[in-house]
Amino acid sequence: MGLKLRALCTLTLITFSLSALAQAPKKPNAAELKQALNKLEVLGTVMYLAAHPDDENTRLIAYMANEKKLRTAYLAMTRGDGGQNLIGNDIREYLGIIRTQELLAARRTDGGEQFFTRANDFGFSKDPDETFNIWEKDDVLADVIWNIRRFRPDVIITRFDTARDNSGRMHGHHTASALLAQEAFEKAADPGVFPEQLKYLDTWQPKGLYWNTYNFGGQFTSSHENESGYFELDLGAYNELLGLSYDEISALSRSNHKSQGFGSTGRRGELKEYLMHWKGELPRGDIFANIDQTWSRVEGGEEIGRMIQRANEDFDMQNPSSIVPQLVQIKGKIDQLKNSYWKEQKLKEIEEIIKGAMGLFLEVRANDYSATPGETVTLNIEAINRSGINAELKKISFSGRSEAVSANQVLANNDLVNLNTQIKITEENSQPYWLKDEAALGMYTVADQQLRGLPENPPAITATLDVEIAGESVQFEVPVVYKENDRVDGEVYRPFVITPPVFVSMDASVIMFPDQEAKSVEVLVKSGKDNVSGVVNLQLPDGWKASQNNLAYQLKKKGDEQRFQLEILPPGNASEAYMTVEATYQNKVYDRSLRVVDYDHIPTQTTFPKSEVKIVKLDLQKKGQYIGYIMGSGDDIPASLEQVGYTVDILDPEKINQETLNNYDAVIVGVRAYNTIERMNFIQPELMKYVETGGTVITQYNTSMRDQPAIGPYEFSISRDRVTVEEAEVRILAEDHPIINGPNKITAKDFEGWVQERGLYFPNEWDEHYTPILSANDPGETPKNGGLLVTKFGEGYFVYSGYSWFRELPAGVPGAFRIFTNMISLGQDNPKSASLKSVENK
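Basis of the calculations
- Residues numbered from 1 in each chain as written.
- Predicted model: local features only at pLDDT ≥ 70, side-chain atom pairs only at ≥ 80, totals over all residues.
- Heavy atoms only, no water.
- Helix = DSSP H or I, 4+ residues; strand = E, 2+ residues; numbered from the N terminus.
- Rg over C-alpha atoms; globule rule 2.2 N^0.38 Å.
- Buried < 20%, exposed > 50% of the residue type's maximum accessible area, 1.4 Å probe, protein only.
- Areas by Shrake-Rupley, 256 points an atom, 1.4 Å probe, with all protein chains shown as cover.
- Phe/Tyr/Trp six-rings, centres within 6.5 Å; stacked < 30°, edge-to-face > 60°.
- Core = buried A, V, L, I, M, F, W, Y, C linked by side-chain atoms within 4.5 Å.
- Contact = heavy atoms within 4.5 Å.
- Salt bridge = Lys/Arg side-chain N within 4 Å of Asp/Glu carboxyl O.
- Pairing = 2+ DSSP bridges.
- Axes fitted to C-alpha atoms, helices over the stretch in contact; angles between N-to-C directions.
- Parallel < 35°, antiparallel > 145°, perpendicular 65-115°, else oblique.
- Polar contact = N/O pair within 3.5 Å; in protein donor to acceptor, adjacent residues only side chain to side chain.
- Left-handed = near helix turned anticlockwise from the far one by under 90°.
- Nonpolar A, V, L, I, M, F, W, Y, C, P; charged D, E, K, R; others polar.
- Lys, Arg positive; Asp, Glu negative; His and termini not counted.
- Patch = residues over 30% accessible without salt bridge, like charges linked within 9 Å, V, L, I, M, F, W, Y side chains within 5 Å.
- Charge placed at Lys NZ, Arg CZ, Asp CG, Glu CD.

A. Main features of the overall build of the protein chain. For the protein chain, the count of helices and strands is 17 helices and 43 strands. Taken against the 2.2 N^0.38 rule, which gives 28 Å for 842 residues, the C-alpha radius of gyration of the protein chain at 30 Å falls within 12% of a compact globule. For the protein chain, the spread of C-alpha atoms along the three principal axes comes to 90 × 75 × 55 Å. By residue count, 57% of the 842 residues in the protein chain fall in the buried class. For the protein chain, the exposed area adds up to about 35,000 Å²; of that, 44% sits on carbon and sulfur atoms.

Rendered as structure tokens:
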């Protein structure tokens, strides 16, 4: 279809500019423009390399980006998918999405850029060899080399060493990242290594590889002052233009890692750190001493350097736009460079400076946050020039569309120009690119080489606005976004996304069938556009049956929903399988659900996971019915227990007392409750009284603490012991114990099919009153017997377990349910709640 524009000119002053995709707008002030001009004079790059979100030294990144004025990047091997979430229940790939956005927020704060490999954070690993085996080393190495070749760092700095630390402990991912950096440094310049990449870019040889010897505890192992091979940096320096020290910037950056609880407070004053030289020519005095980082490093650059220097000297903080004519001339010179890398990078920088110096605000927003392929979307273009520089919006083009739209709108000082147009959506859906295809255990699948390494999808649609400034054409790329006004937060941006026309989902990700009874499942159909209709089908494996199928749906408005209640009947024998739900629309089949990751501190993220549910038929016997659950850092165990017939109430920590606790057959303390709930020291005596009078308390893992509070009736010490190999043999130590014998007889089969790990933070010392039930260890290590401790106390039972029930139960692991049910069943021959009905949330 043709593109038409409708112009609306007003004198309204718009006081914002869009600086990042779907972020609250940030206008550069005069000091920030001066900082950007200073950076425009420097042609240098540095890459920081480590394993996970939060591994990066934000102080060093802030220093390199703002003091050294270098193009600075953090290359993380993973997106942190295997960690825990302290602010919600999203884990695995959804946690990876959250942490990706937290890293991007951190980089916007400290001035760096963010890149990744395809490696998946599969959980803690004690050995780099295990890490490389699961990650598929050659693929991760290819990604590291791809990022080096694309970013072209003069220097690479690693967070981690290649050897164990002084305590003898190490994270395999950490060590692997350093080993990959060393190998990639040697191979990135070799055209025979991953030659398929050379279709898109050239080889690259960094000048130096260094290890950042500063450690996480804030203490140095030793001073390396004046020691050969070590280079000292004062990262406590103060930036007068930004009004902050680099540690203060670092604290603001690190505090974006909210899902990990890494809020930080900035420090002031001298902060020395050291870089140890690993590879490359050893420079003298400074790690960049042997690298030309001026405009002289590129052919034809010396004149440009002199022009930038003059413009910088002429910059007037009271009148930033006065140098725009000079900047436009400089842009024309940069356009003529043969060096494509620095040409592209410095064009981006100078265009942003021109835009900021003019107070030029350009925004393209859609009338809704989403659209589907084939739909027509109305776009509003806002443009305003808040300077005396002559400017005219000449034309607008959109990504993936050859036809440009003439605008020919003069941008007079402080006159707002509003333009409307429509485009037809031809793009595919906006699923995060690394989640489009099925992943392996350790690697995401990304077929498109040019997407690899990017932190997130490119904008669904990008507009290019051609603006004539001081007689020269300047193109500004602007993402299409959605914006609305919130009554509390004010102006809120959201990424514009492309979705399927219809979504289908079920009300559970796992359904457990502990007996032959049918279970009800709700199928939800939701429209992504107006007027969709078709048929919903369940795809069931052999032996499973549904009460009905081929259900007709009809939805008139976008966002409308229709729900169907179905009964699923399991087979007679034990079975683990998946069922999927599909919807037809206009002779096409759609099997994707809609999942929105929505937290206040990150842009709203929209994903379309496959609509499938794990269905498990297992032989499960249980005793007891009513469970009180004290939620810690967040997990899905309560819903999992409800799946097998328990009645679970989430307890309010402010209202826990004996009267509350006596309503339950067992009380379960969620993961890291003693780390995250301030009142646990007051709740603890109530729990012990409850046990003493016949109750059962099951406490899940907590991290080791310097001053560990009392957790059980008798002492035990939580260590950092863990078993990371999920297939590691588990040995039964107490064959006659009720946890092993009933009501479900536990055998080696119950430890099959576990996910990510066996457990973590096992106690390594305990009072003789405790009985260790299970033993496990990673290959080559000593047995870890403290993962499941049980003691009788008074009339009841106390259980402490470091095994990862918070992963295994939501994943539908049958054996984990059988063992956990046996823990709940302890002492339930005469349950405390035998005469009580379910209670409301206390």
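B. Summary view of the packing of aromatic side chains. This model, assessed by the stated rule, comprises 24 aromatic pairs. Taken together, a centroid distance of 6.3 Å and an interplanar angle of 55° make the contact between Tyr48 and Tyr74 tilted. In this pair, Tyr48 sits in strand S2 (residues 45-50) while Tyr74 sits in strand S3 (residues 71-76), placing the two residues 26 residues apart along the sequence. There is no split in this pair, since Tyr48 and Tyr74 are both buried. In this structure an aromatic cluster arises from ring pairing among Tyr714, Phe716, Tyr770, Phe793, Phe798 and Tyr800.

C. Broad picture of the environment of Pro195. Relative to the helices and strands, Pro195 resides in the loop between helix H6 (172-187) and strand S6 (208-212). With a relative accessible area of 47%, Pro195 lands in the partly exposed category.

D. Quick peek at the nonpolar core. One finds Ile630, Leu641, Leu687 and Trp805 to be the most contacted residues of the largest nonpolar core, which totals 76 residues. In this structure, Leu641 is in contact with Ile627, Tyr646, Val648, Ile668, Leu809, Phe820 and Ile824, ignoring residues within four places of it in sequence.

E. Layout of the pattern of salt bridges. By the definition in use, this model includes 43 salt bridges. The shortest N-O distance in the salt bridge between Arg152 and Asp202 comes to 3.7 Å. Separated by 50 residues along the polypeptide, Arg152 in the loop between helix H5 (137-151) and strand S5 (155-158) and Asp202 in the loop between H6 and S6 bring together distant segments of the chain. Given the relative accessible area of 17%, Arg152 is considered buried. A salt bridge links Lys483 to Glu491, with the shortest nitrogen-to-oxygen separation between them at 3.3 Å. Residue classification places Lys483 among the buried residues on the basis of a relative accessible area of 16%. For Glu491, a relative accessible area of 29% gives the class partly exposed.

F. Quick peek at the sheet that holds strand S33 (residues 626-630). In space, the seven strands of this open sheet follow the order S34-S33-S35-S36-S43-S42-S40, with mixed pairing throughout. The sheet terminates laterally at strand S34 (647-650) and strand S40 (771-772), the two strands that pair on one side only. Pairing between strand S36 (residues 696-699) and strand S43 (residues 796-801): four bridges, direction parallel. Residue pairing for S43: Val697 is matched across the bridge by Phe798. On the sheet, helix H17 (residues 814-825) packs against S33, strand S35 (666-669), S36, strand S42 (788-793) and S43 and is oriented at approximately 140° with respect to S36.

G. View of the packing of helix H4 (residues 128-135) against H6. It is at 8 Å that the axes of H4 and H6 come closest, and there the two elements cross at 80°. Taken together, H4 and H6 sit at an angle that is classed as roughly perpendicular. Within the contact between the two elements, H4 uses Pro128, Thr131, Phe132 and Trp135 and H6 uses Gly172, His173, Thr175, Ala176, Leu179 and Leu180.

H. Expanded view of unusual backbone geometry. For the bond running from Gly742 to Pro743, omega is 5°, close enough to zero to count as cis. Structurally, the position occupied by Pro743 is in the loop between helix H15 (738-741) and strand S39 (759-766). Even without glycine at this site, Phe194 takes up a positive phi of about 50°. With respect to the helices and strands, the residue Phe194 is situated in the loop between H6 and S6.

I. Representation of the environment of Asn29. Inspection of the secondary structure assignment puts Asn29 in the loop between strand S1 (6-10) and helix H1 (30-40). On the basis of relative accessible area, Asn29 is assigned to the partly exposed category, the value being 40%. Separated by 330 residues in the primary sequence, Asn29 and Gly359 have C-alpha atoms spaced 9.5 Å apart.

J. Structural detail: the pairing of strand S10 (residues 272-280). Inspection of the sheet shows S6 paired to S10 by five bridges, in the antiparallel sense. When the sheet's bridge partners are listed, Trp211 is paired in S10 with Met276. Where strand S7 (residues 230-234) meets S10, five bridges bridge the pair, whose relative direction is antiparallel. Within S10, the position partnered with Asp234 by the bridge is Lys272.

K. Region of the structure containing H4. Within H4, six of the eight residues are buried, leaving the element largely enclosed by the surrounding structure. Inspection of H4 places Pro128, Glu130, Thr131, Phe132, Ile134 and Trp135 among the buried residues, and these make up the whole buried set. Buried positions along H4 lie against H5 and H6. Structurally, the start of H4 carries an N-cap: the backbone nitrogen of Asp129 is 2.9 Å from a side-chain oxygen of Asp127. Once H4 ends, the next one or two residues include Glu136, with phi positive near 65°.

L. Seen up close, the sheet that holds strand S25 (residues 545-546). On the basis of which strands lie adjacent, the open sheet formed by four strands has the order S21-S23-S27-S25 and antiparallel pairing. Each edge of the sheet is formed by a strand with only one pairing partner; in this case those strands are strand S21 (502-506) and S25. Here strand S23 (residues 519-527) runs beside strand S27 (residues 561-569); their pairing, made up of eight bridges, is antiparallel. Bridge pairing in S27 places Leu524 opposite Arg563.

M. View of the packing of H5 against H6. Following both chains from N to C, one finds H5 and H6 inclined at 60°, their axes separated by 9 Å at the closest point. Taken together, H5 and H6 sit at an angle that is classed as oblique. The handedness of the crossing between H5 and H6 comes out as right-handed. On H6, the residues touching Lys137, Val140, Leu141, Val144, Ile145, Ile148 and Arg149 of H5 are Leu180, Glu183, Ala184 and Lys187. Its residues placed into classes, the contact of H5 with H6 shows seven nonpolar, no polar and four charged.

N. Region of the structure containing the pairing of strand S19 (residues 490-495). Of the strand pairs in this sheet, strand S18 (residues 472-486) and S19 are connected by six bridges, and their pairing is antiparallel. Bridge assignment links Glu484 to a residue of S19, and that residue is Val492.

O. Seen up close, the side chain of Arg722. Counting through the fold element by element, Arg722 comes out in strand S37 (residues 716-723). Of the buried charged residues, Arg722 lacks a salt bridge, with Glu757 as the closest side chain of opposite charge at 4.0 Å. Setting aside its immediate chain neighbours within four residues, Arg722 contacts Phe124, Lys126, Glu757, Gly759, Leu760, Tyr761 and Asp778.

P. Focus on a negative patch on the surface. On the surface, a cluster of negative charge is contributed by Glu67, Glu225, Asp234, Glu240 and Glu270. By the element assignment, Glu225 lies in the loop between S6 and S7.

Q. The environment of Asn413, seen in detail. Note that Asn413 resides in the loop between strand S15 (405-410) and strand S16 (416-424). A C-alpha to C-alpha distance of 78 Å links Asn413 and Ile739, two positions 326 residues apart in sequence. Excluding residues within four positions of it along the chain, Asn413 makes contact with Asn385, Arg386, Ser387 and Gly388. Engagement of the side chain of Asn413 in a polar contact is seen with the backbone nitrogen of Ser387, the distance being 3.2 Å.

R. Quick peek at the side chain of Thr175. On the secondary structure map, Thr175 appears in helix H6. When sequence neighbours within four positions are dropped, the list of residues in contact with Thr175 reads Pro128, Asp161, Thr162 and Met170.

Interpretation note: all reported values are geometric properties and have no functional meaning in isolation.
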